[in-house]
Amino acid sequence: YPCELRLCALRARNGDVIWEATEPIGMNPAKGAVLKGRFVCTNGTSELMSFDLADGKKLWSRKSRRTFSDPLFQADRVYLGGFGWVTCCDAATGDELWAREVKGWARQPFATPSGLLTGGAQHGVMLLDPNDGAVKWRVEIEAGPAAVVGERIVVNTGRGVSLLDLADGKSLWKWDAPKEAGVSDIVATESALVLRTCRSRLPEDRRKSSMDAFDFRSFVLETATGKVRWTAEQGDDPDPGVSVAEG
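Small disclaimer: the values here were computed from a predicted structure and weren't measured. (Residues numbered from 1 in each chain as written. Predicted model: local features only at pLDDT ≥ 70, side-chain atom pairs only at ≥ 80, totals over all residues. Heavy atoms only, no water.)

1. What about the packing of aromatic side chains?
Here is step 1: According to the stated counting rule, one finds 2 aromatic pairs in the structure shown.
Here is step 2: For the pair Tyr79 and Trp98, a centre-to-centre distance of 6.1 Å together with 45° between the ring planes defines the contact as tilted. Here the residue Tyr79 occupies a position in strand S8 (residues 77-90), and Trp98 occupies one in strand S9 (residues 96-106), the gap between them amounting to 19 residues. We note that Tyr79, like Trp98, is buried. (Phe/Tyr/Trp six-rings, centres within 6.5 Å; stacked < 30°, edge-to-face > 60°. Helix = DSSP H or I, 4+ residues; strand = E, 2+ residues; numbered from the N terminus. Buried < 20%, exposed > 50% of the residue type's maximum accessible area, 1.4 Å probe, protein only.)

Pasting the structure below:
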């Protein structure tokens, strides 16, 4: 049966329970962070909460009609994507500091040297001012940012990869995946991008959900140019694991 989870603190050396919060944090809590003696998290839907690390007491909670993404914690602020909005809250009180309306679902924001980056299928990729949510630039592209490498943004378009300039969103290059293939994971470094594509072996009217109906291939692209260095078949293994080392 569904149950609501409760936050607890364990002693690192032996796993003993130090305290257990008296109030539940929901059935699907999103990740949280420790900020100045507090643990701040969302319940996985529309509530942002803060707990005292000393005893687990709930300090405050803020409910919203919006559905939140996983939060980004930076300094004394919490940034959240979600359906229709990107929101910034005070980590100490939960008070909303600003909210930027967007079309559709806004992915979890992440911090860059130039601002707050987010994206979504309906509003493209956006760079926001973290202080007030003002839009610095927006690119109409049905994708979301996958990684930031230096002053460049790696974007997974679903059917390929694009590299954007972090300063203004200008496209530096675009790479298209093979016909009828989609791009899944991307691992980015200064010199190379490692990604995987997935393509069904069967005609559309015979495709199944089982993974043995798909072929997987790895590609390594030059980060600066988007040119393919090499590629390799993975067969029908959807998750062989990828590690990247410079050099």
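2. Some points on the sheet that holds strand S4 (residues 38-42)
Here is step 1: Ordered by their spatial adjacency, 4 strands build an open sheet running S3-S4-S5-S6, and the pairing between neighbours is antiparallel. The two strands at the open ends of the sheet, each matched to only one other strand, are strand S3 (33-35) and strand S6 (58-63). For this sheet, the mean inter-axis angle between neighbouring strands, taken without regard to orientation, is 20°.
Here is step 2: Note that S3 and S4 share 3 bridges and pair antiparallel. The partner of Ala33 across the bridge, within S4, is Val40. (Pairing = 2+ DSSP bridges. Axes fitted to C-alpha atoms, helices over the stretch in contact; angles between N-to-C directions.)

3. Some details on the pattern of salt bridges
Opposite charge on two side chains makes pairing possible when the charged atoms of those side chains draw close.
Here is step 1: All told, the structure shown has 7 salt bridges when counted by the stated rule.
Here is step 2: Glu190 is the partner of Arg152 in a salt bridge, and the nearest nitrogen-oxygen pair spans 3.0 Å. One end of the pair, Arg152, is in strand S15 (residues 152-156); the other, Glu190, is in the loop between strand S18 (181-188) and strand S19 (192-200), and 38 residues separate them in sequence.
Here is step 3: Classification of Arg152 as buried rests on a relative accessible area of 18%.
Here is step 4: Between Arg217 and Glu233 there is a salt bridge; the shortest N-O distance is 2.4 Å. (Salt bridge = Lys/Arg side-chain N within 4 Å of Asp/Glu carboxyl O.)

4. What about the nonpolar core?
Here is step 1: Val154, Val161, Trp173, Trp175, Val183, Leu195 and Leu221 are the most contacted members of the largest nonpolar core, which totals 15 residues.
Here is step 2: Looking at this core, the elements that each hand over two or more residues are strand S14 (144-149), strand S16 (160-165), strand S17 (171-176), S18, S19 and strand S20 (214-222).
Here is step 3: Per-element accounting of this core gives the leading share, 3 residues, to S18.
Here is step 4: Beyond its immediate sequence surroundings of up to four residues, Val154 is in contact with Pro145, Ala146, Ala147, Val149, Val161, Ser162, Leu163, Ile186, Ala188 and Leu193. (Core = buried A, V, L, I, M, F, W, Y, C linked by side-chain atoms within 4.5 Å. Contact = heavy atoms within 4.5 Å.)

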